[in-house]
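# Per-entry structural report
Spelled out from the first residue to the last, the chains are:
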Amino acid sequence: MTIISDNLQQVRGRIRAACEAAGRRADAVQLLAVSKTMAADAVQAAFEAGQTAFGENYIQEAVGKIQALRTLPITWHCVGPVQSNKTRLVAEHFDWIHTLDRLKIAERLSEQRPAGLPPLQVLIQVNVDGGANKSGLPPHDALALAQAVSQLPRLQLRGLMCIPEPAANSIANYAALTGTCALFDRLKSLAGDFAAESVNFDTLSMGMTADLEAAIACGSTMVRVGTAIFGGRPAKAY
Ligand SMILES: *Cc1c(COP(=O)(O)O)cnc(C)c1O
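So, here is what we can say about the structure in this document.

Here is what the cut-offs are and how they apply
- Residues numbered from 1 in each chain as written.
- Predicted model: local features only at pLDDT ≥ 70, side-chain atom pairs only at ≥ 80, totals over all residues.
- Heavy atoms only, no water.
- Near = heavy atom within 4 Å.
- Polar contact = N/O pair within 3.5 Å; in protein donor to acceptor, adjacent residues only side chain to side chain.
- 1 Å grid on protein atoms, 1.4 Å probe; cavity = no way out; pocket = protein on both sides within 12 Å on 5 of 7 lines; lining within 4 Å.
- Sits in = over half its atoms within 2 Å of the grid points.
- Nonpolar A, V, L, I, M, F, W, Y, C, P; charged D, E, K, R; others polar.
- Phe/Tyr/Trp six-rings, centres within 6.5 Å; stacked < 30°, edge-to-face > 60°.
- Helix = DSSP H or I, 4+ residues; strand = E, 2+ residues; numbered from the N terminus.

## Let's talk about the site of the ligand
Near the ligand, the surroundings consist of 13 residues, among which Lys 36, Asn 57, Thr 209, Thr 227 and Arg 233 are the closest. For the ligand, an oxygen atom lies 2.8 Å from a polar atom in the backbone of Gly 226. Taking Arg 233, its side chain carries an N or O atom lying 2.8 Å from an oxygen atom of the ligand. Structurally, the ligand is housed in the largest pocket. Classifying every residue of the shell around the ligand by side-chain character gives 6 nonpolar, 4 polar and 3 charged.

## Some words on the packing of aromatic side chains
Here the distance between the centres and the angle between the planes together describe a pair of aromatic rings. Inspection of the entire model under this criterion finds 2 aromatic pairs. Relative to Trp 76, the ring of Phe 54 has its centre 6.0 Å away and its plane inclined at 40°; by these criteria the two rings are tilted. Placement of the pair is Phe 54 in strand E2 (residues 53-56) and Trp 76 in strand E3 (residues 75-78), with a sequence separation of 22 residues. Note on Phe 184 and Phe 201: the rings are 5.3 Å apart at their centroids and 25° apart in plane angle, and the pair reads as stacked. Residue Phe 184 is located in helix H7 (residues 170-191), and its partner Phe 201 is located in strand E7 (residues 199-205); the two are separated by 17 residues in the primary sequence.

See below:
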């Protein structure tokens, strides 16, 4: 498991260098370790190397790990698509969701969030490049959903998330990233007019192993990194 700790060091170095190159503070960007398909002991190894925020895609798989590691002060982020029949598990077990793109799911999450837990932290997923088979809502619908989410008592709106299509070239990738950042800035400037208490619009989740430098240059505040920390995943559906 020392490999995981070495990998984490390297990823932190990449983030630091990218922040420096972009003239941003080193603490302007948080690292989310995406541990989908990895066993609980891999998560624990990363935790012992100082990583406390983890992202999971597959709800059922995640809940097993969350329960196995419940004594550790880990923040769990749901970064996978959530169907209606999984909202209760997300509301009960996660701290954040990055993939909200429908009001109906938001309403269910708010209703099902247990009273003893803090509000669920929410990012709205936008489909910035119109990728056909992707979740996320069109950018022009993001404001309406953001306003609606800010009215829901058990959710706290925190920002946006995107997963750009694997781009044909770095210019296309850059366009998707800067487009999302522009939308983030616009919503942030409007968010003050929403129900103030439930909004803290400070998080732009974008950038993965392959494009974290570009994402940081374009304004990301949270990069979601799997492969560079945990190594490759099985090729199947993942
Ligand atoms: C798997 C996944 C990641 C991590 O991707 P890597 O390329 O392995 O860093 C980030 N975000 C989401 C939504 C993912 O599903």
